Amino acid sequence: MHREYGKLLYYVMTCCVGGSLCCTVAGSIISAVTKFGFACCQYVGGCQRENIIGTGGQILKALLDLLERLQDLEELELTHLLLDSHEAIDLLDHTLNNSAKTMRTLRVIDCTKAPLPFLHVGLFFNLQMLVISPSHIDEDVVNLLGFTKIKTVVLYQDEYTCYCRRVSSRVWLDMRSNAPDLKVELVLTGAATKLELLWQERAPVSRILYNTKYSLMKNETVLFISEQYSKTLEVYSYQMLPRVCFPKPFVERSDASLVLLARNAPLLHTLVIRERISTATLLIISSTVKNLKYFCVRRNAVILRCDWPPNPMWTPNFYNWLKESSKSYEITEREISKIMGKSWKMLSDKEFKCINLLKT
């Protein structure tokens, strides 16, 4: 036990967020530590650390002992503990007792193997940002969040997130009325994951981010997003180079549903697309979204084509412009640059790989 505690204390002194710090131990209190993170795969280390996930036993006891000694934390991250539910019930008890007024950022990700809500997260008086697995919230937690100062809630899924049920739309609507400025972000990450996001109906979703290789932008998904989140959506992004085959025919691609989303989402300012999409669709989107600041597409996935039939809402001049401008990459880039008021280019795959909108 003492050996494990010593390891964790060393971890605090050398690996806390914020670089070097001076950690003093006075009796049972550890002072001067304001940020602490513990991810079991990081702690174990080794050349195969990504395969060593989860904790328990003596390490868990040492972790709980250490959390009891940490006072006035401002930032805490607990990731991939994968505990049994009975082991995790009191995981945040000491932190709530010691840091209820000082905590600003809390990350609780995949701490259990089965769904376990943490009511604690709604009791930190000055919490500003909460990053949490959807398996750690329920209707009671969401209700509590509506009476806090939290500005951002990130529902974070990866390949270790266990299956759970979504929170009812009624509860999200109640929370929105109590906390109109609170924003929810939906994140799915993990190179190997083939899961889908757990959609939260009527939540005030501002960002939707896929950071995976196998996720497809499906028509029904984009239509659902347009129906549920169009009034609040600011960012819609698919990162990483894909390992899936995209449909080629226009009717099977997401061009039409993306244009619908663009028309219905007045706050949308960031759009990252890795799917097959035509130059004509890029032109329509850029001329539709008035607040678009960041528009990223893969050149290798862009089709030189005007595959849109005439629309009664378009003038003949607009449709002629659309047909002519979509005939080459260079003309498309020039016209979108004019619309956006700045230089705009399609990205190479090497450039696209560098995109990272993850806050966590």
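The present account deals with the structure reproduced in this document. On a predicted model such as this, the values are computed, not experimentally measured, just so you know. (Residues numbered from 1 in each chain as written. Predicted model: local features only at pLDDT ≥ 70, side-chain atom pairs only at ≥ 80, totals over all residues. Heavy atoms only, no water.)

**Topic: the packing of aromatic side chains**
Under the defined criterion, the tally for this structure stands at eleven aromatic pairs. A ring pair is formed by Tyr 236 and Tyr 238, whose centres lie 5.6 Å apart and whose planes are at 75°; its orientation type is edge-to-face. Summarising the aromatic geometry, the rings of Phe 250 and Trp 308 are spaced 5.2 Å apart at their centres and angled 75° between planes, so their arrangement reads as edge-to-face. Placement of the pair is Phe 250 in the loop between strand E10 (235–239) and helix H9 (255–264) and Trp 308 in the loop between strand E14 (302–303) and helix H11 (316–325), with a sequence separation of 58 residues. A relative accessible area of 22% means that Phe 250 is categorised as partly exposed. Taken together through their ring pairs, the aromatic side chains of Phe 250, Trp 308, Trp 314, Phe 318, Tyr 319 and Trp 321 make up a single cluster. Across the ring face of Tyr 214, the terminal group of Lys 194 is positioned such that the distance to the ring centre comes to 4.8 Å. Over the ring of Tyr 329 we find Arg 299; its NZ or CZ atom is 4.3 Å from the centre of that ring. (Phe/Tyr/Trp six-rings, centres within 6.5 Å; stacked < 30°, edge-to-face > 60°. Helix = DSSP H or I, 4+ residues; strand = E, 2+ residues; numbered from the N terminus. Buried < 20%, exposed > 50% of the residue type's maximum accessible area, 1.4 Å probe, protein only. Lys NZ or Arg CZ within 6 Å of the ring centre and 35° of its normal.)

**Examining the packing of H11 against helix H12 (residues 329–340)**
The interhelical angle for the contact between H11 and H12, taken along N-to-C directions, is 130°, at an axis separation of 9 Å. As summarised for this structure, H11 and H12 are arranged oblique, according to the angle between their axes. Across the interface between the two elements, Trp 321, Glu 324 and Ser 325 from H11 touch Ile 331, Thr 332, Glu 335 and Ile 339 from H12. When its residues are assigned to classes, the contact of H11 with H12 shows three nonpolar, two polar and two charged. (Axes fitted to C-alpha atoms, helices over the stretch in contact; angles between N-to-C directions. Parallel < 35°, antiparallel > 145°, perpendicular 65-115°, else oblique. Contact = heavy atoms within 4.5 Å. Nonpolar A, V, L, I, M, F, W, Y, C, P; charged D, E, K, R; others polar.)

**What about the nonpolar core?**
In terms of nonpolar packing, the biggest core is built from 89 residues, with Leu 78, Ile 208, Tyr 236, Ile 285 and Phe 295 touching the most fellow members. Residue contacts for Ile 208: discarding those within four places in its chain leaves Leu 186, Leu 197, Trp 199, Ile 225, Tyr 229, Leu 233, Val 235, Tyr 236 and Ser 237. One finds Met 129, Val 154, Tyr 156 and Val 187 within the second-largest nonpolar core, a separate group that totals seven residues. (Core = buried A, V, L, I, M, F, W, Y, C linked by side-chain atoms within 4.5 Å.)

**Thoughts on helix H7 (residues 169–178)**
Among all positions in H7, only Val 171, Trp 172 and Met 175 are buried. Buried positions in H7, seen along its axis, are confined to an arc of 100° and lie on one side of it. Buried residues along H7 sit against helix H6 (139–145), strand E7 (152–157) and strand E8 (183–189). (Arc of directions from axis to C-beta.)

**Examining the side chain of Thr 189**
Here Thr 189 is to be found in strand E8. Within the structure, the side chain of Thr 189 is placed 2.9 Å from the side chain of Asn 211, a separation counted as a polar contact. (Polar contact = N/O pair within 3.5 Å; in protein donor to acceptor, adjacent residues only side chain to side chain.)

**Some words on the pattern of salt bridges**
As a working rule, side chains carrying opposite charge can pair if their charged atoms are close by. Throughout the structure, instances matching the rule amount to 17 salt bridges. Where Lys 113 meets Asp 84, a salt bridge forms, and the shortest distance between an N and an O atom there is 3.5 Å. Of this pair, Lys 113 sits in the loop between strand E5 (105–109) and strand E6 (129–132) while Asp 84 is found in the loop between strand E4 (75–79) and helix H4 (85–88), placing the two residues 29 residues apart along the sequence. Taking relative accessible area as the criterion, Lys 113 reaches 53% and is therefore assigned exposed. We classify Asp 84 as partly exposed; its relative accessible area is 33%. Across the pair Arg 298 and Asp 349 runs a salt bridge, and its minimum N-O distance is 3.0 Å. With Arg 298 in the loop between strand E13 (294–297) and E14 and Asp 349 in helix H13 (residues 349–352), the pair connects residues that are 51 residues apart, well separated along the chain. Take Arg 298: its relative accessible area is 10%, and that puts it in the buried class. Among the ionic contacts, a cluster of salt bridges with common partners joins Arg 299, Glu 330, Glu 333 and Lys 345. (Salt bridge = Lys/Arg side-chain N within 4 Å of Asp/Glu carboxyl O.)

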